[in-house]
Amino acid sequence: MKKTIADFAKILEAPQEELYRLEEKGDMLIKYSISKNTSNIRLNYRRTRIVLDTTTTVWISAYERYDNGNPKKFIAKKKDLVKIDSFSIPLKEVTLEELEEIRKLQKTKNLAVTLFLFKEYGKYYLAELESEISFIKTKIYNDVHMCKECSHLSALPDNRGGCPKVRSCRKKLEKYPFIDVGYQTIKRISFSNDGTPTWGTEIFDVIECKNFEQKKERLKSSMTMKEKIALRDSLHDYLKDFT
């Protein structure tokens, strides 16, 4: 396989929209594929930019080929790291009034972008994401997510140990005053032909929370029928806003 590896610079010189390139090597066909992902996401000290690393990887696949050059049989595949580049995205402080207007624009489909919202002790910062970026693992406050270890991770009423963030169908970071530090991605709502609202999966990380209590082993608890009916009715009323 080593004999089939070409100069990586050649594929990197290709247009960005060209995701793969094929080369004939004797009786073999070599496919060079490009993949990119982001990592090491962090915020600068002044909270004016999101800083990210982009890792560009070349995948090299070898195939036996027919006489016409088409791939016939897979032989081997190799992954080689090419380079890591850093870039940044502007982050701007916004007021609650500005944020509410932006939410309305997304709801009416007049703002077709994905946003990143960061809250830190009463201040809100917003960034527009030009591409899909995974925030599953970051270096924002050491990637802490308190909910998974919190005893209130339940849709039960507050007086029974639940949390309004869990009960909410569409989570808005600004609606939870007990969250001191956290962030979420906000994707534009779209509508199916029957008017049903749909939206992509959002990242919602809670980093510091006034209501946090370390999770303890406890007996399973279920909602009463009255509470289930109330939850169903509240969901029905919520969906009526989109029809």
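This write-up is about the structure you can find in this document.

Thresholds, definitions, all that
- Residues numbered from 1 in each chain as written.
- Predicted model: local features only at pLDDT ≥ 70, side-chain atom pairs only at ≥ 80, totals over all residues.
- Heavy atoms only, no water.
- Helix = DSSP H or I, 4+ residues; strand = E, 2+ residues; numbered from the N terminus.
- Buried < 20%, exposed > 50% of the residue type's maximum accessible area, 1.4 Å probe, protein only.
- Contact = heavy atoms within 4.5 Å.
- Expected span 1.5 Å × (residues − 1).
- Arc of directions from axis to C-beta.
- Phe/Tyr/Trp six-rings, centres within 6.5 Å; stacked < 30°, edge-to-face > 60°.
- Lys NZ or Arg CZ within 6 Å of the ring centre and 35° of its normal.
- Polar contact = N/O pair within 3.5 Å; in protein donor to acceptor, adjacent residues only side chain to side chain.

## Concerning the overall build of the chain
Next up, step 1: A tally of regular secondary structure across the chain gives 4 helices and 11 strands.
Next up, step 2: Within the span of the chain, comprising 243 residues, buried residues form 34% of the whole.
Next up, step 3: Across the chain, every contact between residues at least 6 apart in sequence was considered, and the portion connecting residues at least 24 apart equals 61%.

## Some details on helix H2 (residues 96-107)
Next up, step 1: The end-to-end C-alpha separation of H2 is 16 Å, in line with the 16 Å expected for 12 residues at 1.5 Å each.
Next up, step 2: For H2, every residue scored as buried is listed here: Leu99, Ile102, Arg103 and Gln106. For H2, the angular spread of the buried residues around the axis is 105 degrees, confining them to a single face.
Next up, step 3: Looking at the buried positions of H2, the neighbouring elements they touch are strand S6 (114-120), strand S7 (123-129) and strand S8 (179-186).

## Quick word on the packing of aromatic side chains
Next up, step 1: On inspection of all chains with the given rule, the structure shows 7 aromatic pairs.
Next up, step 2: With 5.7 Å between their ring centres and 70 degrees between their planes, Tyr63 and Phe74 make a pair best called edge-to-face. Here Phe74 lies in strand S4 (residues 71-90) and Tyr63 lies in strand S3 (residues 49-65), a separation of 11 residues in the sequence.
Next up, step 3: The class of Phe74 is partly exposed, set by a relative accessible area of 45%.
Next up, step 4: An aromatic cluster is defined as three or more aromatic residues linked by ring pairs; in this entry it consists of Phe116, Phe135 and Tyr183.
Next up, step 5: The cationic tip of Lys165 hangs over the ring face of Phe204; the distance from NZ or CZ to the ring centre is 4.8 Å.

## Considering the environment of Asp205
Next up, step 1: If you trace the backbone, Asp205 turns up in strand S11 (residues 204-209).
Next up, step 2: Along the backbone, Asp205 and Tyr183 are 22 residues apart, and their C-alpha atoms lie at a distance of 5.5 Å.
Next up, step 3: Setting aside anything within four residues of it in sequence, one finds Asp205 in contact with Asp143, Val144, His145, Gly182 and Tyr183.
Next up, step 4: Engagement of the side chain of Asp205 in a polar contact is seen with the side chain of Tyr183, the distance being 2.8 Å.

Shape descriptors only; they carry no functional weight alone.
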